[in-house]
Amino acid sequence: MSGPSPDLLAAGGQELVVVLTKAGRVKIRYPAEAVRDDGVRVTVRAPWAASGVRDFGFVRFEPGDVLTEHYWRDRWFAVKEVRDGHGVLKGWYCDITRPAVLAGGVLTVEDLDLDLWVSADGASVLRLDEDEFEESGLAGRDPAAAGAAVAALDELERLARAEGLATLLA
């Protein structure tokens, strides 16, 4: 495990690039402001990076939204706190990923299809994209990674239902 990035710790607010890959290809790449790096967890802040509105039915991501994103070097997930342009918490969108890698100002994570949504009040906890995960074939190609992904989703769901994700992010 690598230690904290001296550049991030010294320059609080330094810009870096977040690269989310899926099935070996870049899914999205966007600039983010480094907030914190303690050697295990890297936290960044970025505006909603996709173009236009994305309405999932249970939440709308739209221009003006700000995400505070937490990535771990030793865990198989990322937690993204989603706030609207006025700072009102919408909830947490959690990606199941391989552990994050930060090198040369680029934070890279591999999306493993599984996701979890937790509403701001904690009343709605939704497991997402389990069908995409099955269709991805990861269980056949890399059973250990598939097992870690499912375990990470289970862990996040337990935390969300028991004490809320805010405790994980404190």
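Model, not experiment: these values are computed from the prediction.

What about helix α4 (residues 143-162)?
Its 20 residues give α4 an end-to-end C-alpha distance of 28 Å, which sits within 8% of 28 Å, the value for a rise of 1.5 Å per residue. The complete set of buried residues in α4 reads Ala145, Ala146, Ala149, Ala152, Leu153, Leu156, Glu157, Leu159 and Ala160. When α4 is viewed along its axis, its buried side chains cluster within an angular range of 165 degrees and face the same direction. Of the residues in α4, the exposed ones pointing more than 90 degrees away from the buried face are Pro143, Ala144, Arg158, Arg161 and Ala162. The first or second residue beyond α4 is Gly164, which carries a positive phi of 90 degrees.

A few points about the pattern of salt bridges
One pass over the full model with this rule turns up 18 salt bridges. One salt bridge in this structure joins Arg36 and Asp38, with 3.1 Å as the shortest N-O distance. Given the relative accessible area of 35%, Arg36 is considered partly exposed. Accessibility expressed as a relative area gives 38% for Asp38, which makes it partly exposed. Note that Arg127 and Glu157 form a salt bridge whose closest N and O atoms lie 2.6 Å from each other.

Cut-offs applied
Residues numbered from 1 in each chain as written. Predicted model: local features only at pLDDT ≥ 70, side-chain atom pairs only at ≥ 80, totals over all residues. Heavy atoms only, no water. Helix = DSSP H or I, 4+ residues; strand = E, 2+ residues; numbered from the N terminus. Expected span 1.5 Å × (residues − 1). Buried < 20%, exposed > 50% of the residue type's maximum accessible area, 1.4 Å probe, protein only. Arc of directions from axis to C-beta. Salt bridge = Lys/Arg side-chain N within 4 Å of Asp/Glu carboxyl O.

Interpretation in functional terms is not warranted from these geometric data alone.
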